[in-house]
Amino acid sequence: FKTVLLDSDMKAVQLMRRFGIKSFLGDPTRPELLKAAGIAKAKVLVVALDDKEKATKLVAYAGRHYPDVHIVARAYDRNHAFELYKAGADDIVREVFDSSLRAGRYVLENIGLSEYEAAQAEQTFYAHDRLTVRELASLWQPGVPASENAAYIARARELEKDLETALLELAEKKDSA
């Protein structure tokens, strides 16, 4: 697989070039830079910008102009994930989500679950969250706090009950084994 890096940090560009990775210096949100980097032939675009507004702008632009490119974007938090889904991202990676999952698994192990049971609970939560974030993104309203969005709250509560049921089923399997 060929990788192309677009970065506004000269040191990052120089480092990647030393490793033989084609790299461009500049603002990745500039359409002419994306074109020069070969986005028209790309299969996947990874958006991992430190500026969340620029990241959302890039996702929206790429989604509109290059609909065949699969967009993986890094989000800062759940609300940013919602923005990125609305902008056209296909997959979202929240910055601290994976480390939070691992921390939760360690908590479960230290309160009595086996490594396997904690890993199963972690996987159940991960799968549930992945589906619910996409669904809640459709109800999320920019500029409206979630606490003031009745449809969002109602669906989030229903989805939370679904998670509780899934986790209880895991516990019941453990008890019956």
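Rules used in this analysis
The numbering scheme is per chain: residues are counted from 1 as the chain's sequence reads. The predicted origin of the model limits local features to residues at a pLDDT of at least 70 and limits the giving and counting of side-chain atom pairs to 80 or more, whereas totals for whole chains, interfaces and linings rest on all residues. Excluding hydrogens and water, the side-chain figures rest on all heavy atoms present in the structure. Pairing of aromatic rings covers Phe, Tyr and Trp, the last counted by its six-membered ring, and requires centre-to-centre distances within 6.5 Å; plane angles under 30 degrees mean stacked, over 60 mean edge-to-face, and any other angle means tilted. Charge over a ring is defined by NZ of Lys or CZ of Arg lying within 6 Å of the ring centre and within 35 degrees of the ring normal. Two strands are said to pair when DSSP picks up at least two bridges between them. Counting from the N terminus, the helices are DSSP H or I runs at least four residues long and the strands are E runs at least two residues long. A right-handed crossover is one whose linking path, passing over the helix from the first strand to the second, runs clockwise when the strands point away from the viewer. As used in this structure description, the phrase polar contact means that two N or O atoms lie within 3.5 Å; if the pair is within protein, one of them must be able to donate a hydrogen and the other to accept it, and residues adjacent in sequence are counted only when both atoms belong to side chains. Whether two residues touch is decided by their heavy atoms; if any such pair falls within 4.5 Å, the residues are in contact. With a 1 Å grid laid over protein atoms only, a set of points is called a cavity when a 1.4 Å probe fits there but cannot get out and a pocket when it is open yet has protein on both sides within 12 Å along at least five of seven lines; lining residues have an atom within 4 Å of a point. Grid points are joined across faces, edges and corners, and a volume is the space filled by probe spheres set on the points. The residue classification treats Ala, Val, Leu, Ile, Met, Phe, Trp, Tyr, Cys and Pro as nonpolar and Asp, Glu, Lys and Arg as charged. All others, Gly included, are polar. To obtain an axis, a line is fitted to C-alpha atoms, over the contacting stretch when the element is a helix, and the angle between two such axes runs from 0 to 180 degrees between their N-to-C directions. What sets the label is the angle itself: under 35 degrees gives roughly parallel, over 145 gives roughly antiparallel, 65 to 115 gives roughly perpendicular, and the rest give oblique. In this scheme the handedness of a crossing depends on how the near helix is turned from the far one: anticlockwise by less than a right angle means left-handed, clockwise means right-handed. Between the first and last residue of a helix there are one fewer steps than residues, each counted as 1.5 Å, and that sum is the expected span. Each residue gets one of three labels from its accessible area relative to the maximum for its type: buried under 20%, exposed over 50%, partly exposed in between, using a 1.4 Å probe on protein chains only.

## Observations concerning the packing of aromatic side chains
Alright, step 1. Taken as a whole, this structure holds 5 aromatic pairs when the rule is applied.
Alright, step 2. Every member of this aromatic cluster is reached through a ring pair, and the members are Phe82, Trp140 and Tyr152.
Alright, step 3. Of note, arginine 94 hangs over the ring of phenylalanine 97, and the distance from its end group to the ring centre comes to 4.2 Å.

## A closer look at the pairing of strand β1 (residues 4-7)
Alright, step 1. As defined by bridge partners, β1 adjoins strand β2 (residues 22-25) across 4 bridges and the pair is classed as parallel. Across the sheet, the residue bridging to aspartate 7 is leucine 25, located in β2.
Alright, step 2. This β-α-β element, β1 to helix α1 (residues 10-18) to β2, shows right-handed connectivity.

## Quick look at the side chain of glutamate 117
Alright, step 1. Note that glutamate 117 resides in helix α6 (residues 115-139).
Alright, step 2. A distance of 2.8 Å separates the side chain of glutamate 117 from the backbone nitrogen of serine 114, its partner in a polar contact.
Alright, step 3. Those residues in contact with glutamate 117, other than ones at most four positions away along the chain, are Gly112 and Lys174.

## Considerations on the layout of surface pockets
Gaps left between atoms show up when a probe the size of a water molecule is rolled over them.
Alright, step 1. Space inside the largest pocket adds up to approximately 980 Å³.
Alright, step 2. As for the largest pocket, its lining consists of 29 residues, and the residues nearest its centre are Val4, Leu5, Leu6, Leu45 and Val46.
Alright, step 3. Listing elements by their share of the lining of the largest pocket, those giving two or more residues are β1, α2 (31-37), β3 (44-47) and α3 (52-65).
Alright, step 4. Lining the second largest pocket are Tyr85, Asp91, Ile92, Val93, Arg94, Phe97, Asp98, Tyr126, Asp129, Arg130 and Val133.
Alright, step 5. Counting residues per element, the ones that place at least two in the lining of the second largest pocket are β5 (91-94), α5 (97-110) and α6.
Alright, step 6. For the lining of the second largest pocket, the per-class residue count stands at 6 nonpolar, no polar and 5 charged.

## Describing the packing of α6 against helix α7 (residues 150-176)
Alright, step 1. The interhelical angle for the contact between α6 and α7, taken along N-to-C directions, is 160°, at an axis separation of 10 Å. Of the possible angle classes, the one that applies to α6 and α7 is roughly antiparallel. The hand of the α6/α7 crossing is right-handed. Seen from α6, the contacting residues are Glu117, Gln120, Ala121, Thr124, Phe125, His128, Thr132, Glu135, Leu136 and Leu139; seen from α7, they are Ala151, Tyr152, Arg155, Ala156, Leu159, Asp162, Leu163, Ala166, Leu167, Leu170 and Lys174.
Alright, step 2. Of the residues that constitute the contact of α6 with α7, the class distribution is 12 nonpolar, 4 polar and 5 charged.

## Concerning the sheet that holds β5
Alright, step 1. Pairing within the open sheet is parallel, and its 3 strands lie in the order β3-β4-β5. With partners counted over all chains shown, the strands left at the sheet margins are β3 and β5, one partner each. In this sheet, neighbouring strand axes are inclined to one another by 15° on average, regardless of whether the strands run parallel or antiparallel.
Alright, step 2. As judged from the 4 bridges shared by β3 and strand β4 (residues 70-75), these two strands associate in the parallel manner. In the sheet register, valine 44 faces β4, and the bridge partner there is histidine 70.

## Digging into α7
Alright, step 1. A rise of 1.5 Å per residue sets the reference length of α7, with its 27 residues, at 39 Å; its end C-alpha atoms lie 39 Å apart and thus fit the reference within 8%.
Alright, step 2. Within the span of α7, buried status applies to Tyr152, Leu159 and Leu163.
Alright, step 3. Looking at the buried side of α7, the elements it contacts are α4 (78-87) and α6.

## Describing the environment of threonine 29
Alright, step 1. Within the secondary structure, threonine 29 is located in the loop between β2 and α2.
Alright, step 2. There is a polar contact of 2.7 Å between the side chain of threonine 29 and the side chain of aspartate 27.

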